[in-house]
Every structure is written in C-alpha cells, then in structure tokens.
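Summary of structural features
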Amino acid sequence: MDVLLTGGAGFIGSAIAARLTAAGHRVRVLDALLPAVHPRQRPPGFPDGVDFLHGDVRDRAIVDRALRGVDAVCHQAAMVGLGLDLQDAPAYVGCNDLGTAVLLAAMAGAGVDRLVLAGSMVVYGEGRYRCAAHGEVAPGPRRTADLDAGRFEPPCPHCGAPLAPGLVDETAAPDPRNVYAATKLAQEHLASAWARAAAGRVTALRYHNVYGPEMPRDTPYAGVASIFRSALARGEAPRVFEDGGQRRDFVHVSDVASANLAALDALGERPPGSSRCYNVGSGEVRTVGGMAAALAAAHGGPAPVLTGEYRLGDVRHITADSARLRDELGWRPAVGFAEGMTAFAHEPLRG
Ligand code: UD1
C-alpha cells in the first residue's frame, strides 16, 4: 500500500516509517520539522525508499501534492505535551485541529478513504475509578487547594471517600483536562465527521505514555520518561512530582509502530463511513516514581528525588485496557517494562 505518513520525522513517526517499510508498504513522509523537536531542522535517516516532503499539514497545496497516488494516511503530525501555558493554545489548535481539517478536506478531494490517527489517552482525563460505596465513578479535575495540601488522590465525587484507580477502556466518556487534550479529542471528532461525510474509514489509536530510543530530549513538550532520562544523562537525579504514586502505562515506541501497522492493514475490511478507537498501552501498570527508580538503577545514576510539586493540567492516574486492540486487530506488545526501560537508560535521545 502507498501510505502518506504525516509527522514521519518525529519520534513515533520515524519508528512507524521503519515498521511500514519493513512490512513492504511504500511510505511518503510529510513533516514540518517543528523547531521544538527538530532543532537542527533536519529529518532523521529514513530506510531506503521513503520519500520525504518538508511541509506543514496546514498547507493545502503541499498536502494535495503529498496525497498523489496514496491509498491511506497515517496522521502523526501534531504538537504534543502539556506546553508552557495558555499562550501555547493557538499553536496547539493550529497544528493539531486546523492541520487535521486541512488534511481531511484534501483527502476528500483526492478520494483517499483510509486514515489512521494518532490519538492520546489524555482524552480520558482521570479515567476510571471505583468507590466502595458508589461503584464506578469519574472524578472531576483536582482542586488546587487539595494539590497545595499534598492531597493528590482524587476523592469520590459523591462521598469524598478514597478511590481505587482502574484500567480505562474505550467506552469511558472523554473528559479532556488541558488544551492539548482538547485538541486531540477534536481531531477524533473531525475525523469521524470526515468518515461519515466522505464514506471514509478511520481508526484512532489512543497512545499511552510512549518511550524508547530517539525520544526527543527534555523540552516543555517532552514526556516524563525523556525528562528523567535526560536528567540522568546530565548526572542529575530524576525529579518526581507529587508523591511519585501517580500511575501510568509506559508503552514502547516499537509497539506503537506495530499498532499502526495493524490498524492500517485492517482498514480495508471496515465498512465505509466507520470510526473506531483503540487504546494502545502495554498493560503494565507502573507509577512515575517506580519508573524513575527503574531508569535511575539501570542507568547507574543518582536515585530519584520526590519534589512534591504538581502541574495543574496533570491527571493523577491513567492506565490502559488495550483488550480491544488485542482482540480485534491481533496486536501484542513485544517489549516489557523491565526490558524496555533497561535499554532506554542507555539508548540515544534526539536533539
Ligand atoms: C504524556 C504526554 C502526552 C501524551 C501522553 C500519552 C507530555 C507532556 N505528555 O502525558 O503528550 O499524549 O503521555 O502518550 O508529553 N512528572 C514528573 N517529573 C517531571 C515531569 C513530569 O514527575 O519532571 C510527572 C507528571 O507530574 C505526571 C507524570 O510524570 O504525573 C507524567 O507526565 P507526562 O509524561 O508529562 O504527561 P502525561 O500526562 O503522562
């Protein structure tokens, strides 16, 4: 299949480019080489046969060119992370939502009807919890007064009792808690609207915390695994926010690439006008403090420090149930936490 891979020069995108090429697909990358993650404005080395176009998905003319002869689009181009502050909002909305809208309009114009979209677990907000008295509940945003007092666990919204965090599946209602999360959810809605209007098929892959070789070095837009790994490379201790007990699912970039391959291969069997979303997580529940400790030990660096700081846009716990992806697309994660983090402790970062 001929695949247009937007954002194919990025950390996740370049792993997908390698995976699709190895599976025999022909790949054309379109990437704006955003300075935050491409300070040298150079694309990475691609496998032979990958065609590279430098351009922005908001530029209809270049997208039209990029779509020529293409069977499917794998849309990874996005501005990621929590960002600095609300001044980042126009850039997030521009890159992520306007960019997606331009791409979808161009796909409708060119008659390209298959799309895999990079989604995110951030669309769930706090995800799912259980209250002993009230069963399954969805806590609201954490209150500043609680966070300031070091009360990081969200209480039951009905009785204030402590909650047990659970695995979030795709039936959980979306509840985006920051600008980035809102733009990732809007991308999914835009793509569903496109699928209905243009008889397209879209699969959104909601990535959990992706890590692995060539992750960009720490910037305000980087994920926590890169921030800790970068600190260790400087000989510094990872700085763990809150009390370190926040839960995440760290999924290896090569497993995210294989999820994209599985999703692309399955699109042709789906009925026109259909949308489906899948969590992409390793299935291993870890804490941020535990991840910091594992990485520091594997690196042979200083032990993590608990700072008690917090970021207002952060959720407390979010861990995936990826059964739908396993059951429907036959995907299996191949890299476990211990193996992946041990390697990541010494693998190169970008930037
Ligand atoms: C991350 C990504 C998000 C992506 C999602 C799924 C970022 C900023 N966030 O969300 O883009 O969609 O995974 O792949 O890239 N923390 C520390 N110390 C630090 C920095 C962070 O302890 O120096 C803590 C945070 O408080 C938070 C946790 O680590 O509790 C995870 O932070 P982070 O990786 O930034 O964001 P996620 O919400 O997990």
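Structure's up top.
None of these values were measured; they are calculated from a predicted model.

Thresholds, definitions, all that
Residues numbered from 1 in each chain as written. Predicted model: local features only at pLDDT ≥ 70, side-chain atom pairs only at ≥ 80, totals over all residues. Heavy atoms only, no water. Near = heavy atom within 4 Å. Polar contact = N/O pair within 3.5 Å; in protein donor to acceptor, adjacent residues only side chain to side chain. Areas by Shrake-Rupley, 256 points an atom, 1.4 Å probe, with all protein chains shown as cover. Helix = DSSP H or I, 4+ residues; strand = E, 2+ residues; numbered from the N terminus. Pairing = 2+ DSSP bridges. Axes fitted to C-alpha atoms, helices over the stretch in contact; angles between N-to-C directions. Parallel < 35°, antiparallel > 145°, perpendicular 65-115°, else oblique. Contact = heavy atoms within 4.5 Å. Salt bridge = Lys/Arg side-chain N within 4 Å of Asp/Glu carboxyl O. Buried < 20%, exposed > 50% of the residue type's maximum accessible area, 1.4 Å probe, protein only. Left-handed = near helix turned anticlockwise from the far one by under 90°. Nonpolar A, V, L, I, M, F, W, Y, C, P; charged D, E, K, R; others polar. Expected span 1.5 Å × (residues − 1). Core = buried A, V, L, I, M, F, W, Y, C linked by side-chain atoms within 4.5 Å.

Not every one of the 23 residues close to the ligand is listed here, only the nearest: Ser-120, His-208, Asn-209, Arg-248 and Arg-311. Measuring from an oxygen atom of the ligand, one finds a side-chain N or O atom of Gln-246 at 3.2 Å. Look at the ligand: alone it shows 730 Å² of surface, and the protein chains cover 92% of it. If you list the elements that add at least two residues to the shell around the ligand, you get β11 (209-211), α6 (224-233) and β12 (239-240). Considering every element that reaches the shell around the ligand, the biggest residue donor is α6, with three residues.

Strand order in the open sheet formed by three strands is β7-β6-β8, with antiparallel pairing between adjacent strands. Looking at which strands have only one partner, the edges of the open sheet turn out to be β7 (135-137) and β8 (164-165). Across three bridges, the pairing between strand β6 (residues 129-131) and β7 is antiparallel. Among the inter-strand pairings, Arg-130 is bridged to a residue of β7, identified as Glu-136.

Below, the discussion takes up the packing of helix α3 (residues 89-110) against helix α5 (residues 179-198). The interhelical angle for the contact between α3 and α5, taken along N-to-C directions, is 10°, at an axis separation of 9 Å. Overall, the two elements α3 and α5 adopt an arrangement that is roughly parallel. Across from Ala-89, Tyr-92, Val-93, Asn-96, Asp-97, Thr-100, Ala-101, Leu-104, Met-107 and Ala-108 in α3, the residues of α5 making contact are Val-179, Tyr-180, Thr-183, Lys-184, Ala-186, Gln-187, Leu-190, Ala-191, Trp-194 and Ala-198.

With that settled, the discussion passes to the pattern of salt bridges. Following the criterion strictly, the structure yields 23 salt bridges and no others. Residues joined in a network through salt bridges with shared partners are Glu-126, Arg-142, Glu-153, Glu-242, Asp-243 and Arg-316.

So, on to the sheet that holds strand β2 (residues 26-31). Spatially, β3-β2-β1-β4-β5-β10-β15 is the arrangement adopted by the seven strands of the open sheet, whose pairing is parallel. With partners counted over all chains shown, the strands left at the sheet margins are β3 (51-54) and β15 (274-280), one partner each. This sheet shows a mean twist of 20° between the axes of neighbouring strands, independent of strand direction. Both strand β10 (residues 201-207) and β15 contribute to a ladder of seven bridges, which runs parallel. When the sheet's bridge partners are listed, Ala-204 is paired in β15 with Cys-277. Sheet strands in contact with helix α1 (residues 11-22) are β1 (2-6), β2, β4 (72-75) and β10, and its direction is about 170° off that of β1. Packed on one face of the sheet, α3 meets β1, β4 and β5 (114-120) and runs near 175° to β4.

A separate point is unusual backbone geometry. With a phi close to 55°, Gln-41 is a non-glycine residue in the positive phi region. For Gln-41, a relative accessible area of 37% puts it in the partly exposed group. The backbone of Glu-242 shows a phi angle near 55°, a positive value even though the residue is not glycine. Inspection of the secondary structure puts Glu-242 in the loop between β12 and β13 (247-248). Glu-242 gets classed as buried once you look at its relative accessible area, which sits at 4%.

It is worth spelling out the packing of helix α8 (residues 288-299) against helix α10 (residues 337-344) at this point. For the pair α8 and α10, interaxial distance at closest approach is 8 Å and the crossing angle is 50°. As far as their axial angle goes, α10 and α8 are oblique. Remark: the crossing between α8 and α10 carries right-handed chirality. Two secondary-structure elements touch here, α8 through Met-291, Ala-294, Leu-295 and Ala-298 and α10 through Phe-337, Met-341, Thr-342 and Phe-344. Its residues assigned to classes, the contact of α8 with α10 shows seven nonpolar, one polar and no charged.

What follows deals with helix α7 (residues 253-267). In this model α7 runs 21 Å from its N-terminal to its C-terminal C-alpha over 15 residues, within 8% of the 21 Å that 1.5 Å per residue would give. Counting buried positions along α7 gives 13 out of 15 residues, so the element sits mostly inside the fold.

Looking now at the nonpolar core. A general feature of soluble globular proteins is that nonpolar side chains tend to end up buried together. Within the largest apolar cluster, 49 residues are counted, with the highest numbers of intra-cluster contacts made by Leu-205 and Tyr-207. With eight residues, the single largest contributor to this core is α7. Every residue in contact with Tyr-207, bar those within four places of it in the chain, is listed here: Ile-12, Ile-16, Gln-76, Ala-118, Gly-119, Ser-120, Met-121, Val-256, Asn-260 and Val-280. Grouped together as the second largest cluster of nonpolar side chains are 24 residues, Leu-30, Leu-67, Leu-115 and Trp-194 included.

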